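Take a look at the letters that make up each chain.
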Amino acid sequence: MTLSEELSWRGFVNQTTFGDIKALDKPLTFYWGVDPSSDSMTIGNLALAMMVRHFIDHGHKAILLVGGATGMIGDPDGKNEERDLKSLEEIQKNKDGIAAQYRRIFAGQDFEIVDNYDWFKGLGYLDFLREVGKHFSMTQLLDREFVQSRIGKDGKGISYAEFSYSLIQGYDFLHLFRKKGATLQVAGADQWGNSIAGVELIRKLEGKTAHIWTGPLVINTSTGMKFGKTEGGAVWIDPNKTSVFDFYQFWLNVDDAGAPQYLKFYTLLSQEEIKHLEQETKQSPKNRAAQKKLAYEVTKIVHGKAQADAAKQATEQLNGADTAINNDMIPILSVGQSDELNIIKVLVDAKLATGQSDAKRLVSQGGVRFKDLKITDQFEPIRGEGLLQVGKRRFLRIQRKSD
RNA sequence: GCUGGGAUAGCGAAGUGGUCAAACGCAUCUGACUGUAAAUCAGACGGCCUUGUGCCUUCGGGGGUUCGACUCCCUCUCCCAGCACCA
């Protein structure tokens, strides 16, 4: 199957400068970047990463960019107000985090990591204005949709720095075109405007045609909202921000309607396999075949097979009312043999509640269970060991030390 | 720089001297129903405890008036609009 066919059936086609997407079927050099606004990608970035994987698998040369320079400014697109600048230390930490995740997700594949700070740090302001700024029309820059929404009566304002963001990104493309022969930028749907700036620069300065390929914004099909938001905020790739178990659970809980599409985006399963899972889910939805496969596959890609197996096992054991979980997917609280525990304190310490008020609220609303028994009295001490459950899917194992 | 408008909980948005921890909507959490789904319904949603017509901290920052301020006055910061400046 060619790349254009692969991207088509998986639904990765959004907007592109290619007249005919078959142009993708002969290998070229492309780049994709993640903004270091955090030290981890979210599953929003992951969808694009999976798209990039298909490019690499079909023989395209990948340049993966960490936006050290762009991160210093902050992408204003899609934001409704000016953002605080990040410290250099924070950007460095974020860059390191993103680069590490590139290496993990694309392990075994051929790619090169670059940082746009490397070519911006030596570039003077005047040089930049002369070489890049001169080629941008103020009218066009002002006409951009997000600029219009930020200025004017109901806008929250925009600084010159953020306003200029797309010039920086545009220059990235020019630079990578010149130095690395990149003729294609792959990006998320929201990056079209920023990306096109690069295409124009290349046309004006080099007289060459470069291209853009944007992937779709993944939405939750049942709510129409951006996909990947959950109780704790975003779903992160970093297991310290979203535990492997929570990550697995997130996928396990996606809605039926969206599951087939998520399989196409987030796994490397074949068209036949996905079609089969879709059928199975339609026939007996309660088996959640698509969700189970999805959860396992995505967890495997992001966290490795061992972790995926462990998350799957823990989930099965929980479901079978077997509290003797024998892996470390569920956090453990180890206490003395005869300690009497205060449930409120346990919930707060284990971060299962945001504070004491929240913990008490959970108990009074019947959201806390110990060994399958609802805890109704916040003062009742906890004795013995077993599984503590908060809400539907948050758990803590309480164990006694044998002293 | 001048004139006018604005800043309220995660977001949006009421409130214009006391009944305000602050309406309402969204988001979120819990429960019920289910299939660990969706939809629906119910409750919660600043913090703390001795759970009470309880205490503490909040309505951009600081100060003041008042028995009492989210509400009035002064001042600072930031945003928006128009004007001026750049021309």
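Structural data are supplied above this passage.
Residues numbered from 1 in each chain as written. Chains lettered and ligands numbered in written order. Predicted model: local features only at pLDDT ≥ 70, side-chain atom pairs only at ≥ 80, totals over all residues. Heavy atoms only, no water.

## What to know about a nonpolar patch on the surface
No. 1: On the surface, a nonpolar cluster with roughly 460 Å² of combined accessible area is contributed by Y125, L126, L129 and Y160.
No. 2: Take the nonpolar patch: its biggest share by element is 3 residues, from helix α6 (residues 125–131).
No. 3: Mapping Y160 onto the fold places it in helix α9 (residues 160–163). (Patch = residues over 30% accessible without salt bridge, like charges linked within 9 Å, V, L, I, M, F, W, Y side chains within 5 Å. Areas by Shrake-Rupley, 256 points an atom, 1.4 Å probe, with all protein chains shown as cover. Salt bridge = Lys/Arg side-chain N within 4 Å of Asp/Glu carboxyl O. Helix = DSSP H or I, 4+ residues; strand = E, 2+ residues; numbered from the N terminus.)

## Overview of the sheet that holds strand β6 (residues 211–215)
No. 1: Strand order across the open sheet formed by 6 strands is β1-β6-β5-β2-β3-β4, with mixed pairing between neighbours. Each having just a single partner strand, β1 (15–16) and β4 (111–115) make up the two edges of the open sheet.
No. 2: Sheet topology note: the strand β5 (residues 184–188)/β6 ladder contains 5 bridges and is parallel. Across the sheet, Q185 pairs through a bridge with I212, a residue of β6.
No. 3: Each of β1, β5 and β6 touches helix α11 (residues 192–206); the most contacted strand, β6, lies at about 165° to it. (Pairing = 2+ DSSP bridges. Contact = heavy atoms within 4.5 Å. Axes fitted to C-alpha atoms, helices over the stretch in contact; angles between N-to-C directions.)

## Here's the deal with the packing of helix α14 (residues 271–283) against helix α15 (residues 289–303)
In a pair of packed helices, the angle between the axes and the distance between the axes together describe the arrangement.
No. 1: Where α14 contacts α15, the axes come no closer than 7 Å and their chain directions differ by 135°. One element, α14, and the other, α15, form an angle in the oblique class. Counting all contacts with α14, which are made through L277, E280 and T281, the residues of α15 involved are A289, A290, Q291 and K293. (Parallel < 35°, antiparallel > 145°, perpendicular 65-115°, else oblique.)

## Considerations on the packing of aromatic side chains
No. 1: Within the structure shown, the criterion is met by 16 aromatic pairs.
No. 2: Ring geometry for W32 versus F106: centroids 6.5 Å apart, planes at 75°, classification edge-to-face. Here the residue W32 occupies a position in strand β2 (residues 29–34), and F106 occupies one in the loop between α4 (88–105) and β4, the gap between them amounting to 74 residues.
No. 3: F106 sits in the buried class, given a relative accessible area of 0%.
No. 4: Centre to centre, the rings of F55 and W213 are 6.4 Å apart; their planes meet at 70°, and the pair counts as edge-to-face. Taken together, the residues span a long stretch of sequence, with F55 in helix α2 (residues 43–57) and W213 in strand β6 at a distance of 158 residues. This pair shows no difference in class: F55 is buried, exactly as W213 is.
No. 5: Here a set of aromatic residues connected by ring pairs shows up, and it is made of F12, F247, F250, W251, F265 and Y266.
No. 6: A cation over an aromatic ring shows up here: K241 above the ring of W236, its NZ or CZ 5.0 Å from the ring centre. (Phe/Tyr/Trp six-rings, centres within 6.5 Å; stacked < 30°, edge-to-face > 60°. Buried < 20%, exposed > 50% of the residue type's maximum accessible area, 1.4 Å probe, protein only. Lys NZ or Arg CZ within 6 Å of the ring centre and 35° of its normal.)

## Side note on the nonpolar core
No. 1: Among the nonpolar cores identified, the biggest contains 68 residues, and W32, L46, F55, W251 and Y266 are the most heavily contacted of them.
No. 2: Looking at this core, you find at least three residues from each of domain 1 (3–215) and domain 2 (229–318).
No. 3: Setting aside residues no more than four positions away along its own chain, F55 makes contact with L3, L7, L24, F30, H60, L184, V186 and W213.
No. 4: Formed by 28 residues, the second largest nonpolar core is a distinct cluster that contains Y31, F128, L174 and L176. (Core = buried A, V, L, I, M, F, W, Y, C linked by side-chain atoms within 4.5 Å. Domains from an automatic or database assignment.)

Such coordinate-based values are descriptive only and should not be taken to indicate function.
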